Amino acid sequence: DTGVSQNPRHKITKRGQNVTFRCDPISEHNRLYWYRQTLGQGPEFLTYFQNEAQLEKSRLLSDRFSAERPKGSFSTLEIQRTEQGDSAMYLCASSFRVSEAFFGQGTRLTVV
Amino acid sequence: SQQGEEDPQALSIQEGENATMNCSYKTSINNLQWYRQNSGRGLVHLILIRSNEREKHSGRLRVTLDTSKKSSSLLITASRAADTASYFCATGDPTDSWGKLQFGAGTQVVVTP
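Here's what I pulled together on the structure shown here. (Residues numbered from 1 in each chain as written. Chains lettered and ligands numbered in written order. Predicted model: local features only at pLDDT ≥ 70, side-chain atom pairs only at ≥ 80, totals over all residues. Heavy atoms only, no water.)

### Notes on the sheet that holds strand β6 (residues 55-58) of chain B
Residue and element names in this part refer to chain B.
Then, in step 1: Read from one edge to the other, the open sheet built from five strands follows the order β1-β3-β8-β7-β6, with strand pairing classed as antiparallel. Looking at the sheet topology across the chains shown, the edges are occupied by β1 (5-7) and β6. Pairwise comparison of adjacent strand axes, ignoring direction, gives a mean angle of 15° for this sheet.
Then, in step 2: Where β1 and strand β3 (residues 19-24) come together, three bridges link them in antiparallel fashion. Note that in β3 the partner of D7 across the bridge is N22. (Pairing = 2+ DSSP bridges. Helix = DSSP H or I, 4+ residues; strand = E, 2+ residues; numbered from the N terminus. Axes fitted to C-alpha atoms, helices over the stretch in contact; angles between N-to-C directions.)

Printed below as a string of structure tokens:
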């Protein structure tokens with residue numbers, strides 16, 4: 001499968017715990033994006049990378065959120081001290097320059 | 001905040017009928033993309049139309065873009081039950097060379113056999 005891969009697909013965690021999601025983009029894509037989607041809404045931009053450089057972070061990304069893309073390949077999104085409001089689908093996408101963005105299947109986070 | 005607004009919010013049709021949904025946006029764009037999302041799944045890219053294009057076709061899909069009205073439409077012809085999904089438009093900002101997208105809230109389409 002040469003598409004965007006996200007792991008895990010589902011994550012249930014207790015409030016206050018830390019969680020980390022992984023995204024493996026399409027191999028030749030130099031841009032990687034993280035979005036969050038809540039029920040009934042479209043995806044909202046969180047942050048993106050050009051190679052290993054994180055170029056922009058949305059104000060939706062509080063200090064509890066951190067994203068990395070070491071070596072410009074896979075990326076991780078960590079949420080510390082999770083809150084119930086963090087429950088959402090976290091989507092990763094990749095693209096080559098300004099072109100179609102291809103999305104992974106997402107990681108559905110439920111904070112209980 | 002979300003850039004695009006899809007209309008209608010929900011659409012119910014029978015197999016074989018055409019489905020049309022519209023997207024309006026607020027700021028200048030360099031491209032507009034349409035995505036499909038099946039329930040609880042990731043987004044599937046359908047079609048990209050650039051700001052200097054007015055119409056584009058892909059299989060049973062037809063997309064139009066009117067930059068003067070800041071609107072786009074997606075037409076699905078001869079719909080099938082498998083077309084049941086949510087459809088989102090997403091715009092790319094020409095001032096943003098990195099290609100991040102702003103999405104609308106989507107149109108939920110139900111196609112009944």
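### Section: the state of the cysteines
Residue and element names in this part refer to chain B.
Then, in step 1: All chains considered together, the criterion is met by two disulfides over all chains.
Then, in step 2: Two residues, C23 and C89, share a disulfide whose sulfurs are 2.0 Å apart. Because the sign of the S-S torsion sets the handedness, a value of about 65° for the bond joining C23 and C89 places this disulfide among the right-handed ones. Placement of the pair is C23 in strand β3 and C89 in strand β9 (residues 85-92), with a sequence separation of 66 residues. The pair C23 / C89 is uniform in exposure class, with both members buried. (Disulfide = S-S within 2.5 Å. Buried < 20%, exposed > 50% of the residue type's maximum accessible area, 1.4 Å probe, protein only.)

### Concerning the interface of chain B and chain A
Interfaces are often sized by the accessible area lost when the parts come together.
Then, in step 1: Listed as interface residues are 23 residues of chain B and, on the opposing side, 25 residues of chain A.
Then, in step 2: Across the interface of chain B and chain A, roughly 2,000 Å² is buried in total on both sides, 52% from carbon and sulfur atoms.
Then, in step 3: The tally of links from chain B across to chain A stands at one salt bridge.
Then, in step 4: In this structure, the salt-bridge partner of K100(B) is E56(A), at a minimum N-O distance of 2.7 Å.
Then, in step 5: Summed over the shared surface of chain B and chain A, the result is five residue pairs in polar contact (both at pLDDT 80 or more). (Contact = heavy atoms within 4.5 Å. Buried area = accessible area lost by both parts, 1.4 Å probe. Salt bridge = Lys/Arg side-chain N within 4 Å of Asp/Glu carboxyl O. Polar contact = N/O pair within 3.5 Å; in protein donor to acceptor, adjacent residues only side chain to side chain.)

### Quick word on the pattern of salt bridges
Then, in step 1: Inspection of every chain in the model, using the stated rule, returns seven salt bridges over all chains.
Then, in step 2: Overlapping salt bridges, with partners in common, bring together R64(A), E83(A) and D86(A) in one network.

### Looking at the nonpolar core
Then, in step 1: The biggest cluster of nonpolar side chains holds 22 residues, and the ones touching the most others in it are M21(B), L32(B), W34(B), L46(B), L74(B), I76(B) and Y87(B).
Then, in step 2: Among the secondary structure elements, those contributing two or more residues to this core are β2 (10-14), β3, β4 (31-37), β5 (43-50), β7 (61-66), β8 (71-76), β9 and β11 (107-112) of chain B.
Then, in step 3: Beyond its immediate stretch of four places on either side in the chain, I76(B) contacts E17(B), N18(B), A19(B), M21(B), R60(B), L61(B), D83(B) and Y87(B).
Then, in step 4: Counting 19 residues, the second largest nonpolar core, distinct from the first, contains V19(A), C23(A), A67(A) and Y90(A). (Core = buried A, V, L, I, M, F, W, Y, C linked by side-chain atoms within 4.5 Å.)

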